[in-house]
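Structure assessment
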Amino acid sequence: MKRRITCYLIFCLLLVFTTTEAHNDSSTFELRNGFVIIEATLDGKFGHYILDSGAPGLVLNSKRFNLTGTELELGGVGGSMLGKEVTGHSFKWESVGFQEIKAIAIDLSYLESATGLNISGLVGIDLFKGHDI
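Residues numbered from 1 in each chain as written. Predicted model: local features only at pLDDT ≥ 70, side-chain atom pairs only at ≥ 80, totals over all residues. Heavy atoms only, no water.

The next thing to look at is the overall build of the protein chain. Each helix and strand in the protein chain was counted, giving three helices and eight strands. The long-range share in the protein chain, meaning contacts at least 24 apart out of those at least 6 apart in sequence, stands at 58%. For the protein chain, the exposed area adds up to about 9100 Å²; of that, 57% sits on carbon and sulfur atoms. (Helix = DSSP H or I, 4+ residues; strand = E, 2+ residues; numbered from the N terminus. Contact = heavy atoms within 4.5 Å. Areas by Shrake-Rupley, 256 points an atom, 1.4 Å probe, with all protein chains shown as cover.)

See below:
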């Protein structure tokens with residue numbers, strides 16, 4: 001009986017230490033209406049971004065930023081839309097930072113309605129490729 005209690009206590013301690021080490025307070029996100037919301041900065045300006053494995057790179061909300069760039073027509077499942085290709089900005093998320101990043105700027109108002117947040121953009125797969133999420 002004593003041996004069983006000792007084994008149980010050791011198991012509980014291992015579980016606590018493993019859980020404590022795996023938890024990282026510096027990596028924060030919020031799950032809101034099925035969207036993974038992270039906090040990041042563009043040119044030092046804080047914003048809420050959606051982590052989106054379907055986006056090609058950084059997609060910025062043209063309604064939140066006054067961006068200049070090359071006009072382009074984008075196509076997708078829902079049809080086509082106008083956007084801009086912008087460069088020369090710095091983006092930082094947690095310990096990952098990019099200088100002179102290339103991004104696409106489009107109207108993401110529909111995501112603000114869906115999340116109830118001011119959405120600055122989407123962080124796509126190219127930005128977190130090679131990093132543990």
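Below, the discussion takes up the pairing of strand β6 (residues 79-93). Pairing between strand β2 (residues 35-42) and β6: two bridges, direction antiparallel. If you follow Thr 41 over to β6, its bridge partner there is Lys 92. Strand direction decides the pairing type here: strand β5 (residues 70-76) and β6, joined by seven bridges, are antiparallel. Of the residues in β6, the one forming a bridge with Gly 76 is Gly 79. Once β5 ends, the chain turns through two residues before running back antiparallel as β6. Note: β6 against strand β7 (residues 96-106), seven bridges, orientation antiparallel. Residue pairing across strands places Lys 92 opposite Gly 97, the latter belonging to β7. The hairpin formed by β6 and β7 contains two residues between the paired strands, and Glu 94 there has a positive phi angle of roughly 50 degrees. (Pairing = 2+ DSSP bridges.)

Our next topic: the side chain of Asn 61. Residue placement: Asn 61 occurs in strand β4 (residues 58-61). If we skip the residues at most four places from it in the chain, Asn 61 touches Ile 106, Asp 107, Leu 108, Ser 109, Glu 112, Ile 119, Ser 120 and Gly 121.

Take the pattern of salt bridges next. Summed over all chains, the structure comprises three salt bridges. Across the pair Glu 30 and Arg 32 runs a salt bridge, and its minimum N-O distance is 2.9 Å. We classify Arg 32 as partly exposed; its relative accessible area is 25%. The closest approach of N and O atoms between Glu 85 and Lys 102, which form a salt bridge, is 4.0 Å. Of this pair, Glu 85 sits in strand β6 while Lys 102 sits in strand β7; the two residues are 17 residues apart in sequence, bridging distant segments of the chain. Glu 85 gets classed as partly exposed once you look at its relative accessible area, which sits at 33%. (Salt bridge = Lys/Arg side-chain N within 4 Å of Asp/Glu carboxyl O. Buried < 20%, exposed > 50% of the residue type's maximum accessible area, 1.4 Å probe, protein only.)

Just geometry here; none of it tells us what the structure is for.
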